[in-house]
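Descriptive structure summary
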Amino acid sequence: MTTTQSTSVPTAAPSAPAVGHRIQTAVIKYGFIFVTVTLFAYFAISEPSFRDSATLLDTLRYVSVAAVLGLGVTLTMAVGGMDMSVGAVAGLGVTVAAKTMVTYNQVGTVAILAVVAAGALAGLLNALLIVGLKIPDMLATLGTMFVIQGTKLILVDGQSITPGMTQSDGTTAPGRFTEGFLRIDRGTFLGVPGSVLIFGALTVVAWVFLARTRWGRVLYAIGANPEASRLAGIRVGAYRALAYVLSGVLASIGGLILASRIGQGDVSAGTSQLLEAVAVALVGTSVLGRGRPNVWGTALGAVLIGIITTGLTIEGLPYYTQDVVEGAVLILALVFSFTLSKRRTA
């Protein structure tokens, strides 16, 4: 009689490449969130004033314009494009709001409608150039940017609009920024600035639109493969046009916030907003390792830019160092989105 003994096969330890792959995946997926939390913790520990709720709300208020513009850029990135005119459109919104209320003595509601209409028209111009005339997105929106900046200066004879100013015909401007309009940014609800509430509400609406509706899924499909989308019966041109019109409208809303913040028609308004808007949208592609434009990533990118700017300001660093740090963070985000993610899929 023979007996058999069962031998257990030892479980193989995870191979080094498998462990390395999991670490790389974790870095790609959570690395940028870790950077954000780490910077927040550092400033909160090193600078007690950074922990104040007023400081945190001011940080969100500061980035609200760039964040709203960044949402528009995100929509155009979803269709494989890029809107470089958002800063100019926001600046145009400031000029239109000031001219409507100060020069033409209209109420804030009329100014809001005029600004949004101007943003939609700018988006339609981009759509005509890109979809109708087949000009590449970047080149078309750069051209639009210069046209809008020049038009804005022509509208006001190259000078900022302020209440009580002497106009080119020698008369005094009859109007002013209304109190209701100024509350867009300066007002609060339950202690939260109005611009922060607008930023939050638009983020949720944009997320629902892109992630939970057929239109949003179609935009992503077009960005991934426009030819396949066309063969599937999707009206690619119409959807791309929609993305640019919505981007123009969002940029105009950013202009409303900016006009309410500065309280005058500054001809230089919006000039610096383009780079921050594009930065937060690009940074957002690295969040959770998605490697594609997404609304929550853009919002987190805006928050990160705000944390960096506020923290460095409180620590007393010169303003010009902030650009260096923001640029370094953008490069880091692009490494997460493109370099590391490509290595993972290779």
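Residues numbered from 1 in each chain as written. Predicted model: local features only at pLDDT ≥ 70, side-chain atom pairs only at ≥ 80, totals over all residues. Heavy atoms only, no water.

Here's the deal with helix H6 (residues 179–186)
For H6, the set of buried residues is Phe181, Leu182, Ile184 and Asp185. The buried residues of H6 all sit within an arc of 130 degrees when viewed along its axis, so they share a single face. Exposed residues lying more than 90 degrees from the buried face of H6 are Glu179 and Arg183. Along its buried surface, H6 packs onto helix H2 (53–78), helix H3 (86–103), helix H4 (108–132), strand E2 (192–193), helix H7 (194–212) and helix H10 (236–262). (Buried < 20%, exposed > 50% of the residue type's maximum accessible area, 1.4 Å probe, protein only. Helix = DSSP H or I, 4+ residues; strand = E, 2+ residues; numbered from the N terminus. Arc of directions from axis to C-beta. Contact = heavy atoms within 4.5 Å.)

With respect to the packing of aromatic side chains
For the structure on display, the rule yields five aromatic pairs. Centre to centre, the rings of Phe177 and Phe181 are 5.8 Å apart; their planes meet at 55 degrees, and the pair counts as tilted. Phe181 carries the same exposure label as Phe177, and that label is buried. Aromatic side chains Trp207 and Trp296 sit 6.0 Å apart centroid to centroid with 50 degrees between the ring planes, which places their arrangement in the tilted category. (Phe/Tyr/Trp six-rings, centres within 6.5 Å; stacked < 30°, edge-to-face > 60°.)

Looking at unusual backbone geometry
Positive phi is not limited to glycine here, since Asn105 has a value of about 60 degrees. Residue placement: Asn105 occurs in the loop between H3 and H4. For Asn105, a relative accessible area of 47% corresponds to the partly exposed category. In this model, Lys134 sits at a positive phi of 60 degrees, which is unusual for a non-glycine residue. Following the sequence through the fold, Lys134 ends up in the loop between H4 and helix H5 (137–155).

Some details on the nonpolar core
Formed by 62 residues in total, the largest nonpolar core has its most connected members in Phe177, Phe181 and Leu210. The element best represented in this core is H3, accounting for eleven residues. If we skip the residues at most four places from it in the chain, Phe181 touches Ala97, Met101, Gly108, Ala111, Ile112, Leu256, Ala259 and Ser260. In terms of nonpolar packing, the next biggest core, distinct from the first, is built from twelve residues, Ala44, Val287, Leu304 and Leu312 among them. (Core = buried A, V, L, I, M, F, W, Y, C linked by side-chain atoms within 4.5 Å.)

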